[in-house]
Every structure is written in structure tokens, then in C-alpha cells.
Amino acid sequence: MRVGPEPPADLQPTNVGEVVKQAATELAPLLARHRLQLHEGIRLFALTDRARLQQILENRSLNASKYTDPGGHIEVSARTEGDEVAIQVTDDGIGIEPDKLQQVW
């Protein structure tokens, strides 16, 4: 996501924390079923496509839940990097073998 003075037409000012909470609400039944805890506390605004951001966060959190043992933790964090926002979804699951990362990403 790029933060700047002239956003493309499809971007709008977005409270990233609200989008994370909405994604967590959508995933609540899955998280409860696996006894997973989602940690978030983001207070950051960015110019972004809100619907697309929510979809990405839901997909990333869903993937994290698949490989995290019951009772595990998933954390969503965000930070600014220059004029961009970096959002990270981390978990305490088994992870991806380093030699497989290129195939995934």
C-alpha cells in the first residue's frame, strides 16, 4: 500500500485496524473451533482498497490457522516503511521449510 498525496481512484483512506478487526470477525468461528487467539492492535491509516485488504488479511490468517496447533497464536501487525505500510501476519505454527519459500511466494 502506498501512502501519498494523490491516491489512485480505487484507493481510499482506510483505518487498517478496523479492517483487521473485520477480518477477525469473519474468521471468528474458525479461530474458536481451533482454539486460536488472534492478536491485533493496529492504529494506522493508509490509502488502500479496503475490500481487497480485508480479503488478503482473511486469506493470510486462514493459512496461518491451518498450520497452527490448537491453542496457538496468530498476530497481525503493521508499520510504516517510508511512504508505504507493511502488514505482517505471524503465527507459532510449524512454518515453511526455507527451501520451499520460493515455491510459495
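These notes cover the structure that comes with them. On a predicted model such as this, the values are computed, not experimentally measured, just so you know.

1. So, the packing of helix α1 (residues 16–33) against helix α2 (residues 50–66)
Each pair of packed helices can be summarised by the angle the axes make with each other and by the distance between the axes. Orientation of α1 relative to α2, taken along the N-to-C sense of each, is 45 degrees, at an axis distance of 9 Å. Compared by their axis directions, α1 and α2 come out oblique. Handedness of the α1/α2 crossing: right-handed. Counted together, V16, E18, V19, V20, Q22, A23, E26, L27 and L30 of α1 and R50, L53, Q54, L57, E58, S61, L62 and S65 of α2 form the full contact between these two elements.

2. Quick word on the sheet that holds strand β4 (residues 73–81)
The strands making up a sheet associate through hydrogen bonds between their backbones, and the pairing can be parallel or antiparallel. Here we have 3 strands laid out as an open sheet, ordered β2-β4-β5, and mixed in their pairing. The sheet is open, and its two borders are formed by β2 (37–39) and β5 (84–91), each paired with just one other strand. Recorded for the sheet is a direction-independent mean angle of 15 degrees between the axes of neighbouring strands. Here β2 runs beside β4; their pairing, made up of 3 bridges, is parallel. Each residue of the ladder has a partner; that of H39, found in β4, is E75. Each of β4 and β5 is contacted by α2, which is oriented at about 25 degrees to β5, the strand it contacts most.

3. Brief notes about the nonpolar core
In a soluble, globular protein the nonpolar side chains are often hidden away together inside. Counting 18 residues, the largest nonpolar core has V16, V20, I42, L57, I74, V76 and V89 as its most contacted members. Within the residue set of this core, elements represented by two or more residues are α1, α2, β4 and β5. Per-element accounting of this core gives the leading share, 7 residues, to α1. Each residue touching I42, except ones within four places of it in the same chain, is listed here: V16, G17, V20, V76, S77 and A78.

The rules behind the values
Residues numbered from 1 in each chain as written. Predicted model: local features only at pLDDT ≥ 70, side-chain atom pairs only at ≥ 80, totals over all residues. Heavy atoms only, no water. Axes fitted to C-alpha atoms, helices over the stretch in contact; angles between N-to-C directions. Helix = DSSP H or I, 4+ residues; strand = E, 2+ residues; numbered from the N terminus. Parallel < 35°, antiparallel > 145°, perpendicular 65-115°, else oblique. Left-handed = near helix turned anticlockwise from the far one by under 90°. Contact = heavy atoms within 4.5 Å. Pairing = 2+ DSSP bridges. Core = buried A, V, L, I, M, F, W, Y, C linked by side-chain atoms within 4.5 Å. Buried < 20%, exposed > 50% of the residue type's maximum accessible area, 1.4 Å probe, protein only.

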